[in-house]
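Survey of secondary and tertiary structure
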Amino acid sequence: MADVDDIVLLREYVERNSEPAFAGIVQRHINLVYSVAIRFTGNSEDAQDVTQAVFIILAKKAARLRPKTVLTGWLYETTRFTAMNFLTNKNRRQTREQEAYMQSALNDAETEINWRQLAPLLESAMSRLNEKDRMLVALRFFENRSLTETASLLGVNEWAARKRAERALEKLRAYLSKRGVDSTAATIAGAISANSIQAAPLGLAKTISTVAVTKGAVASTSTLTLVKGALKVMAWSKTKTTITGVAIALLGIGAITVALDVLLPAPDVQGVWEGTFNIPGSAGVHRWETARETFVMRIARVNGAYQVKVDNLGAGDRDKFDTFTYKYPYVYAENSRLDISCIGKMSRFGETLAWKSREGTNVYAMVFTRTTHPTPFPQPLTDAEFAPRADSALQGFWVGKIGLGKDGLRIQVKIAEASDGTYRADFYVPDQATNRLPSAVTYDGTTVKVILAAGYGMFEGWLRNGGNEIAGNWIQDDSRMRTTLTKANYLENEDRGAK
């Protein structure tokens with residue numbers, strides 16, 4: 001049988017430092033390791049790094065493996081630990097992102113399972129099984145071994161192996177069903193058997209064999225860091241299991257924790273939530289600053305369905321989710337018009353929502369906090385509010401261009417002055433078809449500043465030409481672009497203050 005050969009090859013590698021023996025092991029199991037790694041990481045480059053690290057770990061630990069070790073199971077567990085450590089170090093949470101992506105089918109209870117639905121959730125589902133059940137599934141369905149061979153490798157009779165396989169598949173089915181993938185255990189088994197293993201990139205086995213037999217001596221720094229981290233995670237996992245067993249036996253701590261989690265009711269998601277996040281890649285006024293947008297989300301349940309309105313305070317925009325589902329602890333939401341899908345995870349006592357939003361290929365993370373005093377939405381200025389006044393130097397409609405020449409961006413600013421001498425403004429960029437951007441305005445009698453609420457940049461200038469112009473600069477990422485605002489007639493302007 002194949003695993004008997006594995007042990008023979010390992011022994012030959014350990015005793016004689018045989019590179020061909022180790023290369024044979026890599027060639028036999030690389031597709032399994034690579035396939036598990038790519039389901040965790042989501043891309044081939046990261047999966048190759050994880051795969052290489054796993055075989056370096058095997059080379060380091062080969063001499064200490066027990067003669068009865070089932071190498072398929074050992075490699076599967078090691079790949080899981082290594083991939084999870086990899087994702088933690090890069091702050092990825094890949095499984096939750098994949099769950100968010102797949103929840104478009106959450107309410108379609110009749111949808112037949114297919115690999116596209118199952119693949120992103122498979123490793124998360126496998127994590128819910130114990131180690132023995134994961135080993136059985138890997139042997140029986142990942143590697144498509146016969147029931148007789150699987151039972152023999154696990155040291156049990158066929159009846160026991162069959163029952164364990166049925167229980168494991170039922171656990172997978174239940175987990176997947178909660179996430180919108182409804183099907184039978186048999187269909188899930190068939191999908192895994194047909195699709196779970198894919199070929200590793202050509203040449204990867206040879207590269208890994210060369211690096212691994214040196215136990216990482218010629219590996220890159222990033223790979224060695226991954227190996228070191230994975231070994232620590234594996235060691236801690238064993239230690240944690242021992243500590244947990246002692247705690248349950250002596251204090252009942254584990255049982256108490258589980259009991260409390262079950263007895264506490266799921267918190268209600270209805271209410272008002274507010275959160276702010278930094279926009280990746282969006283520079284602010286200064287080089288070290290990033291643009292930030294604040295959202296207020298209002299959730300209500302009407303006639304059994306959730307209605308969710310979302311205010312983007314920085315963009316001065318209001319929208320809603322057309323799909324919103326809450327199954328504690330997860331919240332799933334979609335805006336099909338904007339092609340946005342989101343997932344949130346509720347804290348145990350309902351005070352926060354850890355939130356990720358996927359828009360196209362971009363993923364944004366933030367934390368919503370429950371509030372009874374949300375930041376007010378900045379209402380658009382009415383025509384009367386920014387109509388020019390003789391007693392106000394700034395109130396009115398201003399137009400200009402950021403930068404010189406044909407590449408300059410046209411801008412428009414509506415400025416209103418309140419009775420207490422404070423200002424606010426609506427900012428538009430017609431050439432970029434942007435909605436209004438609420439802005440703050442300051443004026444000390446000399447310097448005028450228009451600062452976008454989201455922090456994308458600011459205008460700074462000085463009144464001249466009898467108060468009909470504000471000459472200055474647009475400042476963003478510490479760069480300055482010549483900009484002049486000129487007072488204009490709003491009713492005669494061709495763009496009419498954008499939209």
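The structure reproduced in this document is the subject of the present report. Starting afresh in each chain, residues are numbered from 1 along the sequence in its written order. In keeping with the predicted nature of the model, local features appear solely for residues at pLDDT of at least 70, side-chain atom pairs appear and are counted solely at 80 or more, and the whole-chain, interface and lining totals rest on all residues. The side-chain numbers reported here are obtained from all heavy atoms of the structure, hydrogens and water having been left aside.

1. A word on the pattern of salt bridges
The term salt bridge refers to a pairing of a side-chain nitrogen on Lys or Arg with a carboxyl oxygen on Asp or Glu at a separation within 4 Å. Per the counting criterion, the structure on display carries 20 salt bridges. Here arginine 164 ties to aspartate 133 by a salt bridge, and the two come within 3.8 Å at their closest N and O atoms. Taken together, the residues arginine 164 in helix H9 (residues 158–178) and aspartate 133 in helix H7 (residues 131–142) connect sequence positions 31 residues apart. Taken individually, arginine 164 and aspartate 133 each receive the classification buried, so the pair is uniform in this respect. Note that aspartate 311 is salt-bridged to arginine 298, the shortest N-O span being 3.0 Å. You can see aspartate 311 sitting in strand S3 (residues 305–312) and its partner arginine 298 sitting in strand S2 (residues 290–302), a full 13 residues away along the chain. Residue class for aspartate 311 comes out buried when judged on its relative accessible area of 5%. When salt bridges with common partners are traced through the structure, they connect Glu77, Arg80 and Arg134 into a single cluster. Put simply, DSSP marks the helices as runs of H or I at least four residues long and the strands as runs of E at least two long, and each gets a number from the N terminus on. Buried residues are those whose accessible area, probed at 1.4 Å on protein chains only, stays under 20% of the maximum for their type, while exposed residues exceed 50% and partly exposed ones sit between those limits.

2. What about helix H3 (residues 44–61)?
By this rule the span expected of a helix is its residue count minus one, scaled by 1.5 Å. With 18 residues, H3 should reach 26 Å at 1.5 Å per residue; the first-to-last C-alpha distance of 26 Å fits that figure. Every buried residue of H3 is listed here: Asp46, Ala47, Val50, Thr51, Gln52, Ala53, Val54, Phe55, Ile56, Ile57, Leu58 and Ala59. Its side-chain oxygen at 3.3 Å from the backbone nitrogen of glutamate 45, asparagine 43 defines the N-terminal cap of H3. In protein, a polar contact means a hydrogen-donor-capable atom and an acceptor-capable atom, both N or O and within 3.5 Å, with residues adjacent in sequence counting only if both atoms are side-chain atoms; elsewhere, any N or O pair within 3.5 Å suffices.

3. Section: the packing of aromatic side chains
When two rings of Phe, Tyr or Trp (its six-membered ring) have centres within 6.5 Å they constitute a pair, described as stacked for plane angles under 30 degrees, edge-to-face for angles over 60, and tilted for the intermediate range. Here the structure, examined in full by the defined rule, presents 10 aromatic pairs. Ring centres 6.2 Å apart and planes at 40° place the aromatic pair phenylalanine 321 and tryptophan 355 in the tilted group. One end of the pair, phenylalanine 321, is in strand S4 (residues 317–321); the other, tryptophan 355, is in strand S8 (residues 352–359), with 34 residues separating them in the sequence. By relative accessible area, phenylalanine 321 is classed as buried at 14%. Taking relative accessible area as the criterion, tryptophan 355 reaches 4% and is therefore assigned buried. Measuring from ring centre to ring centre gives 5.1 Å for phenylalanine 397 and tyrosine 490, while their planes differ by 70°; the resulting arrangement is edge-to-face. Taken together, the residues phenylalanine 397 in strand S10 (residues 396–402) and tyrosine 490 in the segment after strand S17 (479–488) connect sequence positions 93 residues apart. Each member of the pair, phenylalanine 397 together with tyrosine 490, is buried. Each member of the aromatic cluster is reached from another via a ring pair, and the members are Phe321, Trp355 and Phe368.

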